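Working through the structure, step by step
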Amino acid sequence: MEENMKLATVEDTVEYHLFLIPDEPRDPEKHKEILQKYIERIMTQFAPMLVPYIWQNQPFNLKYKPGKGDVPAHMFGMTKFGDNIEDEWFIVYVVKQITKEFPELVARIEDNDGEFLLIEAADFLPKWLDPDNSANRVFFHHGELCIIPAPRKPGAVSWLPSTPPTIPQALNIISTHPEEILASESIRAAVNRRIRGYPEKTQASLHRARCFLPAGIVAVLKQRPRLVAAGVQAFYLRDPTDLRACRVFKTFLPETRIMTSVTFTKCLYAQLVQQRFVPDRRSGYKMPPPSHPQYRAHELGMKLAHGFEILCSECSPHFSDSRKSFMTTSPLWAGFLESLKKNDYFEGLIEGSAQYQARLEMAKNYFQLSVNRPESSLAMSPGEEILTLLQTVPFDIEELKKEEANLPPEDDDQWLDLSPDQLDQLLQEAAGKTEAEPISKEEQNYDLSQVSESMKAFISKVSTHKGAELPRETSEAPITFDADSFLNYFDKILGPSPHESDSDDLAEEDFECLDSDDDLDLKTQETGEEASVKGTLNNLKSYMAQMDQELAHTSIGKSFTTQKQMEPLSQTTNNNSDEEDSGAGGSVMTPVDIDLNLVSNILESYSSQAGLAGPASNLLQSMGVQLPDNTHHRPTSKPTQD
């Protein structure tokens, strides 16, 4: 028996706020009534999309939130999405569509990381926008992403505050200047790319698999398909205390198991499959050998049964009946049901038919969790909901066994074992990049100068405590490198080079500085501090020159490739003169070919990755440089000059 400690997970949560504009003064009670009607309209209109969705932890929901401080009363929702990031982005799509269907509404959305929409579009944000000044600037309005700009100078634009706006200020700006605050096309495209394909995409995130389950769980999942998430989470986050309840099963006996089809999300399916678990011998859940054709179905059913047993063991079977009836007695239920019928939720199904009843049960469940959420003291836990269904929903094991012959086919789970190429393709799609085309024979002669130029552009960037800024991709902006500016920058730090200080060819501006005696006096009267700094720089320069001389004749110095245009003088002298040269000036030293050494080392690192991800490919790809695959597989060696 595996004694797996319960995983300590951070509650990944997304919060969403819907405001009504224009934000005019209203009677609080009347304003509350208006917002509650909006909640009912929104949840009813989007019910066909939200009802069948299987949430990882909590569903999309809205409730009235009274005003506090400078934040006016509005509609508020919070969802814990856990490990399934798709829940969060589906909510982004829903919120975006709400503002499109209801133009008088403005929405903002954030999670544990803050403005995650800006994180998604980080490559395209303006320079002035950072986490310190992004509060209350990012909204959805008319189905489009809006960013309230900051003025370049305080007071430059009358309607823009110089500090991050308050919520009332932001709502006023959005209502009066909707065109000026529209986010740039590239930012909107980055966010739209992430939510592309919804709502149809929700079906692609599902995975159907066969499970050998107790009949009670089969009956429960027929009524509440979403409870599969609670069962998987209970098993996935189990601890030794939970497993004590599974030594001897009291609710879901293994003798009642039948084959059925269960619909998971891909996230839930992966969580269930990837964990190794051996059941307690006393539980009665005996497993066939791994070679058995139905081994996977038995394993999935065993794990899911443990999750459901854990859920039921956490609550008393005699919990208060008041929790069972709070939904049907709600005054909002009749109106909600009528609205569903007007929106063709039942799709013409005959009232009382099996399919009609199934959709009705899903609607009740949706209403309970999202529309008429009770106080925490009255809300049923998943275990209490399961026990209630077992007590109220009759089922016949023999009838359920007859359905085994007509089960739908399983979905292929090859997506669990992605190849490196498939993983790279998914990462490129997530980053908004198209799949790289195969390299043709004409393109085999790759221009390696692009590698050195990209690296120079990267080095020339000035980094801060926030990190280094990578150059844009070649498709977005050409990489430029100003060699003169690069050298001048280091001249200011290290001082002039030896040949420059020995030369009597002074620039014209240098003569102008020495035209008068006053200027000459100012030049010669340096402070002690300035002289000390210059002395330090000269000493450093001399020290570096001596190091170069000493290293030139070592294995380290010989490991660098030098420029072939300048031949070492040592080729024309004997071995004794080499020792003399080492103590002489730098005139006999051959300059190192920086570009060739850079490219050589980058290629050597890239080749050692053997096609996998690594520092060389990651750095080059981030700068827009895509190296061709190494198809020769030869041992890496230092390239020689022709």
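Residues numbered from 1 in each chain as written. Predicted model: local features only at pLDDT ≥ 70, side-chain atom pairs only at ≥ 80, totals over all residues. Heavy atoms only, no water.

The chain is annotated in an unreviewed UniProt entry as Protein SGT1 from Odobenus rosmarus divergens.

For helix α12 (residues 295-313), which comprises 19 residues, the first-to-last C-alpha distance of 27 Å matches the rise-based estimate of 27 Å (1.5 Å per residue) to within 8%. Of all 19 residues in α12, 16 are buried, a share of seventy percent or more. (Helix = DSSP H or I, 4+ residues; strand = E, 2+ residues; numbered from the N terminus. Expected span 1.5 Å × (residues − 1). Buried < 20%, exposed > 50% of the residue type's maximum accessible area, 1.4 Å probe, protein only.)

A few words now on helix α1 (residues 28-45). Helical periodicity: at 3.6 residues per turn, an α-helix aligns residues three or four positions apart in one direction. Relative to the 26 Å expected for 18 residues at 1.5 Å per residue, α1 spans 26 Å between its end C-alpha atoms, a close match to the ideal helical length. Listed in full, the buried residues belonging to α1 are His 31, Leu 35, Tyr 38, Ile 39, Ile 42, Met 43 and Thr 44.

A few words now on the pairing of strand β8 (residues 257-265). Across the nine residues of β8, seven count as buried, placing the element largely inside the fold. Two elements, strand β7 (residues 206-214) and β8, share nine bridges in a ladder whose sense is antiparallel. The residue of β8 that forms the bridge with Ala 209 is Val 262. (Pairing = 2+ DSSP bridges.)

Attention now moves to unusual backbone geometry. For the bond running from Tyr 198 to Pro 199, omega is 5°, close enough to zero to count as cis. Secondary-structure assignment places Pro 199 in the loop between α6 (185-194) and α7 (201-204). Non-glycine residue Asn 136 carries a positive phi angle of around 60°. By the secondary structure assignment, Asn 136 is in the loop between α4 (116-120) and β5 (138-141).

Moving on: the nonpolar core. Burial of nonpolar side chains together is a common tendency in soluble globular proteins. With 58 residues, the main nonpolar core has Ile 42, Leu 50, Phe 60, Val 95, Ile 98, Ile 109 and Leu 117 as its most contacted residues. Among the elements that make up this core, the one with the highest residue count is helix α3 (residues 85-101) (eight residues). Beyond its immediate sequence surroundings of up to four residues, Ile 98 is in contact with Leu 18, Ile 42, Phe 46, Phe 60 and Leu 105. Residues Ile 54, Ala 209, Ala 215 and Phe 277 belong to the second largest nonpolar core, which totals 42 residues. (Core = buried A, V, L, I, M, F, W, Y, C linked by side-chain atoms within 4.5 Å. Contact = heavy atoms within 4.5 Å.)

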